[in-house]
Amino acid sequence: MTDQDQGLGRSRDGDRGRDEDGGGEWGARGRRRGQGELEAQVLSALRAAPGPETAAWVRAYLGGTLAYTTVMTILTRLHAKRVVTRERVGRSFLWTAAADEAGLAAHRMRRVLDGETDREAVLMSFVSGLSARDEELLRALLNDAHDEPGSRTEDRDGREN
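Since the structure is predicted, the reported quantities are computational estimates derived from the model, not experimental observations.

## A short note on the overall build of the protein
Thinking step 1. Assigned secondary structure in the protein consists of six helices and two strands.
Thinking step 2. Reading the secondary structure of the protein in the N-to-C direction produces α-α-α-β-β-α-α-α.
Thinking step 3. Buried residues in the protein amount to 21% of all 161 residues.
Thinking step 4. Contacts in the protein between residues far apart in sequence, at least 24 positions, make up 40% of those at least 6 positions apart.
Thinking step 5. Within the structure as shown, the protein displays about 11,700 Å² of accessible surface, and the carbon and sulfur contribution to it stands at 49%.

Encoded structure:
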């Protein structure tokens, strides 16, 4: 009896727990996937969808090489981050993008910042590493956000005023 017959989940090449494309953290060509790369691909697929779609549709849109369980795991993680929404239909879910790739990147940046004890030092280091053009853009965005009616302000410790 083979491992597959015993339900151990081995693929044809005998690797446990790998997607058909080479799986896990490795892509089809043996290169390591970047952090968040699969999340960005899944989110991009949902943004291209004509409406709410199933995980099976997302899997097919991405070429059908990822395991269905991998797509479901990614969608569930994106849902926990509030980047996608889901609606139960029968026994499955229909998924919809609630944010774009920029929103996903901003979420990751906030998560990193929230994990640090010295927010000021982290932000100072971030800003000092920006190019002059990016620094100018950030200043303009902060000024625009500050000038909007109902915008929130925070003190130096990150508490809202």
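## Brief notes about the nonpolar core
Thinking step 1. In this structure, Leu46, Leu75, Leu78 and Trp95 are the most contacted members of the largest nonpolar core, which totals 19 residues.
Thinking step 2. When residues of this core are traced back to their parent elements, those giving at least two are α1 (37-48), α2 (55-61), α3 (68-80) and β2 (92-97).

## Focus on α1
Thinking step 1. An ideal rise of 1.5 Å per residue puts 16 Å on twelve residues; α1 measures up with 17 Å between its terminal C-alpha atoms.
Thinking step 2. Within α1 the residues assigned to the buried category are Glu37, Leu38, Glu39, Val42, Leu43, Ala45 and Leu46.

## Notes on the pattern of salt bridges
Thinking step 1. According to the stated counting rule, one finds three salt bridges in the structure shown.
Thinking step 2. Between Asp114 and Arg119 there is a salt bridge, with the nearest N and O atoms lying 2.9 Å from each other.

## Quick look at the confidence of the model for the protein
Detailed reading of predicted coordinates is not advised where the pLDDT is low.
Thinking step 1. Chain-level pLDDT for the protein is 78 on average; 71% of the residues reach the 70-or-more range.
Thinking step 2. Across the protein, the secondary-structure element scoring lowest on mean pLDDT is helix α4 (residues 101-114), at 83, and the one scoring highest is α2, at 97.
Thinking step 3. The low-confidence segment residues 1-26, where pLDDT is below 50, has 37 contacts with residues more than four positions distant or belonging to other chains.

Calculation rules
Residue numbers restart at each chain and count upward from 1, following the sequence in its written direction. For this predicted model, a pLDDT threshold of at least 70 governs which residues receive local features, and a threshold of 80 or more governs which side-chain atom pairs are given and counted, while totals over whole chains, interfaces and linings are taken from all residues. For the side-chain quantities, the full set of heavy atoms in the structure was used; hydrogens and water were omitted. In this description a helix means any DSSP run of H or I spanning at least four residues, a strand means any run of E spanning at least two, and both kinds are numbered starting from the N terminus. The classification of residues rests on relative accessible area computed with a 1.4 Å probe and restricted to protein chains. Under 20% of the type maximum is buried, over 50% is exposed, and intermediate values are partly exposed. Contacts between residues were defined by any pair of non-hydrogen atoms, one from each residue, lying within 4.5 Å. Using a 1.4 Å probe, accessible areas were evaluated by the Shrake-Rupley method; residue-level cover was limited to the displayed protein chains. The definition of a nonpolar core used throughout is a set of buried Ala, Val, Leu, Ile, Met, Phe, Trp, Tyr and Cys residues joined through side-chain atoms within 4.5 Å. The length a helix should cover is 1.5 Å for every residue beyond the first. Only one rule defines a salt bridge in this text: a Lys or Arg side-chain nitrogen within 4 Å of an Asp or Glu carboxyl oxygen. A residue's pLDDT is the confidence the predictor assigns to it, expressed on a 0 to 100 scale.

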